[in-house]
Amino acid sequence: EDWVRGRFSTIGYSPKSGVVELFVETIGTNLRMLAQELEKLVVYKGEDKNITRQDVEVVAISGAVESMQLIDTLRRKDRAGALRVLKVLERDEAPQVVLGLLVSQYRLFLQIKQAQAAGISFEELGSKIGKHPFYLKKLSEDLRAYSAEQLKSLYYQLQKADQAMKTGAEAPWILLEEFVLSAA
C-alpha cells in the first residue's frame, strides 16, 4: 500500500479514503501488475486528479476478476471455461500480466503441495509466505487433482513461456493458450 500511495503522490493524483486499500486488494501485491493497473487508471482519469473507489472498480476490477476466473477454471480443470476467460483477457490485459499471475499462482500451488508432502501445517506455511492458512487450505482442496510432479511440470512450462515471450520466439497469446490446454 505504501508503494501505491507513493506512486499516486509522485504522479500528482489524490486517492480518496479507502482507494489505495481497494486497489491493492483488487490487484494484489505484484508490483508489475500494480504499475500496469495504475497506468490504466491514470489514462482513464485523464486531467481529473481525484481517484475514487468507483474509478478503481471500473478500471481495475474487471481484469483482476477475469484473471482470478482463469485461475479458478484451471484449478477445476475446466478447459472450455479457461479458454473463454483467456479470450476475454486477450482483449483487456497484456499477456505478460496474465503470465505473471499464472507464474505466481502455480508457484503458490507448488509450495502448498511440497509443504503438504513435508508435513508442514497451513499455519506454518502461511506465516512463511504471507498467506492466510484458511486460503491455503481451500486451495489445497482444489489441488487434489494435481500431483506435485504435474505442478512442477506446469510451472516449468510457464518458465519456458516467459523466456519465449521475452525473446519473441513465439506469439504470447499462443503460449498462454498452449499452457491452458495442458493445464486444464
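Residues numbered from 1 in each chain as written. Predicted model: local features only at pLDDT ≥ 70, side-chain atom pairs only at ≥ 80, totals over all residues. Heavy atoms only, no water.

Visitor: Just give me the short version of the overall build of the chain, but keep the residues and values in it.
Guide: The secondary structure content of the chain amounts to 10 helices and 2 strands. In terms of overall dimensions, the chain is globule-like: its C-alpha atoms have a radius of gyration of 18 Å, near the 16 Å expected for 184 residues. Dimensions of the chain, computed from C-alpha atoms along their principal axes, come out at roughly 50 × 40 × 30 Å. Scored against the burial criterion, the 184 residues of the chain give a buried share of 41%. Sequence-distant contacts, at least 24 apart, represent 67% of the contacts inside the chain between residues at least 6 apart. Accessible area of the chain: about 9800 Å², with a carbon and sulfur share of 51%. (Helix = DSSP H or I, 4+ residues; strand = E, 2+ residues; numbered from the N terminus. Rg over C-alpha atoms; globule rule 2.2 N^0.38 Å. Buried < 20%, exposed > 50% of the residue type's maximum accessible area, 1.4 Å probe, protein only. Contact = heavy atoms within 4.5 Å. Areas by Shrake-Rupley, 256 points an atom, 1.4 Å probe, with all protein chains shown as cover.)

Visitor: Help me get a handle on helix H2 (residues 19–27), residues and values and all.
Guide: When you tally the buried positions in H2, you get 7 out of 9 residues, the bulk of the element. Looking at H2, one finds that the buried residues are Val19, Val20, Leu22, Phe23, Val24, Thr26 and Ile27. In the segment just after H2, Gly28 is the residue with positive phi, at about 105°.

Visitor: Kindly report on the packing of helix H9 (residues 148–167) against helix H10 (residues 172–183), identifying the contributing residues and their values.
Guide: With their axes 10 Å apart at the nearest point, H9 and H10 run at an angle of 175° to one another. Here H9 lies roughly antiparallel to H10, going by the angle between them. Contacts from Leu154, Gln157, Leu158, Ala161, Ala164 and Met165 in H9 reach Pro172, Leu175, Leu176, Glu178, Phe179, Ser182 and Ala183 in H10. Grouping the constituent residues of the contact of H9 with H10 by class yields 10 nonpolar, 2 polar and 1 charged. (Axes fitted to C-alpha atoms, helices over the stretch in contact; angles between N-to-C directions. Parallel < 35°, antiparallel > 145°, perpendicular 65-115°, else oblique. Nonpolar A, V, L, I, M, F, W, Y, C, P; charged D, E, K, R; others polar.)

Visitor: Mind laying out the nonpolar core, listing which residues take part and the relevant values?
Guide: The biggest cluster of nonpolar side chains holds 55 residues, and the ones touching the most others in it are Leu70, Leu74, Leu102 and Tyr106. Residue contributions to this core peak at 12 residues, all from helix H6 (residues 95–117). The contacts of Leu102, once residues within four sequence positions are left out, are Leu70, Ile71, Leu74, Leu158, Leu176 and Phe179. (Core = buried A, V, L, I, M, F, W, Y, C linked by side-chain atoms within 4.5 Å.)

Visitor: Hey, could you go over the side chain of Lys113 for me, with residue numbers and the actual values?
Guide: Locating Lys113 in the fold gives a position in helix H6. Engagement of the side chain of Lys113 in a polar contact is seen with the backbone oxygen of Tyr146, the distance being 2.7 Å. With near-sequence residues (within four places) excluded, Lys113 lies in contact with Leu143, Arg144, Tyr146, Ser147, Ala148 and Leu151. (Polar contact = N/O pair within 3.5 Å; in protein donor to acceptor, adjacent residues only side chain to side chain.)

Visitor: Tell me about the packing of aromatic side chains, and please be specific about residues and values.
Guide: Taken as a whole and assessed by the stated rule, the structure comprises 3 aromatic pairs. Taking the centre distance of 5.2 Å and the plane angle of 90° together, the rings of Tyr106 and Phe179 count as edge-to-face. In this pair, Tyr106 sits in helix H6 while Phe179 sits in helix H10, placing the two residues 73 residues apart along the sequence. Phe179 sits in the buried class, given a relative accessible area of 2%. In this structure an aromatic cluster arises from ring pairing among Tyr106, Phe109 and Phe179. (Phe/Tyr/Trp six-rings, centres within 6.5 Å; stacked < 30°, edge-to-face > 60°.)

Visitor: Can you tell me about the environment of Ala145, naming the residues and giving the values?
Guide: Mapped onto the elements, Ala145 comes out in the loop between helix H8 (133–142) and H9. Taking the relative accessible area as the measure of exposure, Ala145 reaches 47% and is therefore partly exposed. Along the backbone, Ala145 and Val97 are 48 residues apart, and their C-alpha atoms lie at a distance of 26 Å. Those residues in contact with Ala145 that sit more than four places away from it in its chain are Lys77 and Gln150.

Visitor: I'd like a rundown of the pattern of salt bridges, residues and numbers included.
Guide: Counted under the stated rule, the structure contains 13 salt bridges. Among the salt bridges present, the one from Asp55 reaches Lys45, with a minimum N-O distance of 2.9 Å. Highlighted residues: Asp55 in helix H4 (residues 53–75) and Lys45 in helix H3 (residues 31–45), separated in sequence by 10 residues. We classify Lys45 as buried; its relative accessible area is 13%. Between Asp78 and Arg76 there is a salt bridge, with its nearest N and O atoms 3.8 Å apart. Sharing partners across several salt bridges, the network here consists of Glu1, Arg5 and Glu21. (Salt bridge = Lys/Arg side-chain N within 4 Å of Asp/Glu carboxyl O.)

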